[in-house]
Structures are given as C-alpha cells and as structure tokens.
Amino acid sequence: MTRISSSAVAILFYQLLLQSTPYTFASTTSTCIIDANGVFNTRADISNDSKGIVAIISSPGTKSFFGEEEEGGGVTLSGDGSDDGVSILSSSGATLSGTASLSRGNGAAAAASVAGSIIVSGITESDLEYGLHGSRHEKTLAGIFKTKLDSMTDAAAAATAASTNDEEGEEGDEEKEEIKPTKLFLVMPPCDADAEVIKEDVEKIFETAVAEKNLAGVSFDSLFETNIVDIDNEEEAKEVLALASEAAAEAPPTTDFLSSIAKAYAAVTASSEPSSSATAAILACDDSFARHNRAVR
C-alpha cells in the first residue's frame, strides 16, 4: 500500500478546500475547523461580521480555566460569550511524545496565524522547572512563531509583486498601516515564576525560529507583545479573555479565513518534520545556557 506523507495530505486538503463552497458561520455555534485526525471541515467558514479572533491554546491533559484539550485535539471555532462579535479558535498545543501533526502543535500554529491575540494556557510548575526550553510549550510557541514568520515572507513577496505593477507606488506606500504586535498571553501556574525570565525564554524561542528561517532584522517586539498573567478563578479568566478580545478586535480577520488557516496548516505540517542537526544544536546550546544561568543565580 502506498503511504502518503502528512504534509501531502495537508496540502491535498488545502487544494480541496479552495474548490469548496463555504457557508456563513454563526459565531454563537461551535464549529469544527480541523478534526482530531487533521481533516478540514471544508464547508465551515467565519462570517464577515466577526470583529476579531482570539486563539486559545490549551495543553493536552492539563486542566485550565479555558478548558482542557485531549492529545491530538483539533481546532474549533466559537463565540467568546459576549456581544462584541469576537470569535474564538480553540486548539490543543504540542506534546513532547506525540508524533502526529496535531501533536506537534501544527493545529495551534495554524489557529494562531489568523488570530489577533493568543492565549497559551495549561502551563504547569513542572513545565517551568528549567524554563520553557525543552518543554511542550517551546514546541507550541516555535510553531506559532515560524508560521508568523512565513506569513511575513508571503506578505512581503505579495507587496513586492504589487508594487512592481502599481503605477501609483508612492501613493500606495503612504497608505500602508503599521503592523501592530500580536498580544501573546501566557497563563502561569500558581508558583513563584519569574515573569522576566519567562519573557526571555519566549524571545529566545523566537530568535531560534528566525535563525531557522534564515531571516535577518526581524525583532520579537515588532511582531509580538508578551503578557504574563496569573489566573486563580473563572472571573480572572474572563478578564484575560476580555483583554484578548479587545486586542483581537483591533486586528479583524480576513474574509478568506478558512483558506488562510488551511494554507498555514499545510505549510507548518510540511515544515515540522524532526529538526535538522543545525537547529537541534541551536536549541541544545540555548537549553544549556538557560540551565547554567539558573544554576548560578
């Protein structure tokens, strides 16, 4: 029997998706976008009335005030429970042992790629024993960052092509809006976690992604804003969701939402095979440095 790679399957679903006819998604209904097997719901879509998207990334098997996802869980779309028109994309994050596409955090990366703000929950005290490096959350964040960098590359290529054919290039340049950093909310466990150390870990993961993509001159602060939050009850969770929804409303989704998430998922699936020796070496050095720093403090 001929075996088809996961990347080929993802790209095939993307091609089928573009040929399908979507219907308008009602924001009050929970809709499966990618199921647990990595299959797209080709007729699901988000309406043009959506004011923004919040991606909520939960850790498989870890309870949180934002819900618990099973390992390899898919991506679902629903309302945020308010009247502000913001929708929520929920996805499970990466695991350390899973080998399937969704277990590598590809669903989370695809969901985050179209979101105006991102909430990463399910971080435990044991996850932070040596910082985020080497944890399942490093894999999740790495996928999110790489997908963001890929979208930047695609946008730059499109802009270059457009400016070449634009007779009023200078006028178009004046109308370009400055990209606002995506707000990234990391929900911390009830422990004495050092927020500044966590932020440093996040930025190092980003820098590794930039190095792997062979990009230069891209700063973390230009694309993301890290917010470390402690949540002890449902009311605090609602407050964080309100902040994330407000940020998402400032970056409304494109009308071809499902096409965008399908393309992002196909790309991240194709590129998320085991790391090359060079990338592995970078991660190993970063992890060793982080351990040494904590040991001498």
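This section reports on the structure supplied with the text.

Cut-offs used in this document
- Residues numbered from 1 in each chain as written.
- Predicted model: local features only at pLDDT ≥ 70, side-chain atom pairs only at ≥ 80, totals over all residues.
- Heavy atoms only, no water.
- Pairing = 2+ DSSP bridges.
- Helix = DSSP H or I, 4+ residues; strand = E, 2+ residues; numbered from the N terminus.
- Axes fitted to C-alpha atoms, helices over the stretch in contact; angles between N-to-C directions.
- Contact = heavy atoms within 4.5 Å.
- Core = buried A, V, L, I, M, F, W, Y, C linked by side-chain atoms within 4.5 Å.
- Buried < 20%, exposed > 50% of the residue type's maximum accessible area, 1.4 Å probe, protein only.
- Salt bridge = Lys/Arg side-chain N within 4 Å of Asp/Glu carboxyl O.

Time to look at the sheet that holds strand S5 (residues 117–120). Pairing in this open sheet of seven strands is mixed, and the strands run S1-S3-S4-S2-S5-S6-S7 from one edge to the other. Pairing within the sheet leaves two strands with one partner each, and these edge strands are strand S1 (31–34) and strand S7 (224–230). In this sheet, neighbouring strand axes are inclined to one another by 25° on average, regardless of whether the strands run parallel or antiparallel. Two strands pair when backbone bridges link them, and strand S2 (residues 52–58) and S5 are joined in this way by four bridges, in the parallel orientation. If you follow Val 54 over to S5, its bridge partner there is Ser 117. On top of the sheet, helix H2 (residues 106–113) reaches S2, strand S3 (75–79), strand S4 (86–92) and S5; it is set at about 165° to S4, its chief contact. Contacts from helix H5 (residues 195–212) reach strand S6 (182–188) and S7, with the element oriented near 145° to S7.

Turning our eyes to something else, we now look at the nonpolar core. Counting 44 residues, the largest nonpolar core has Leu 89 and Phe 145 as its most contacted members. Apart from residues lying up to four places away in sequence, Phe 145 is in contact with Leu 184, Val 202, Ile 205, Phe 206, Ala 209, Phe 220 and Phe 224. Membership of the second largest hydrophobic core comes to 15 residues, among which are Phe 66, Val 229, Ala 237 and Ala 244.

A word on the pattern of salt bridges. In total, this model carries five salt bridges according to the counting rule given. Between Asp 127 and Arg 136 there is a salt bridge, with its nearest N and O atoms 3.0 Å apart. The class of Asp 127 is buried, set by a relative accessible area of 11%. Lys 213 is paired through a salt bridge with Asp 150; the nearest N and O atoms lie 3.1 Å apart. Taken together, the residues span a long stretch of sequence, with Lys 213 in the loop between H5 and helix H6 (220–223) and Asp 150 in helix H3 (residues 136–165) at a distance of 63 residues.

Let us look at the side chain of Thr 226. Tracing the sequence through the fold places Thr 226 in strand S7. With near-sequence residues (within four places) excluded, Thr 226 lies in contact with Leu 184, Leu 186, Lys 199, Val 202 and Phe 220.

Any link to function would need more than the numbers given here.
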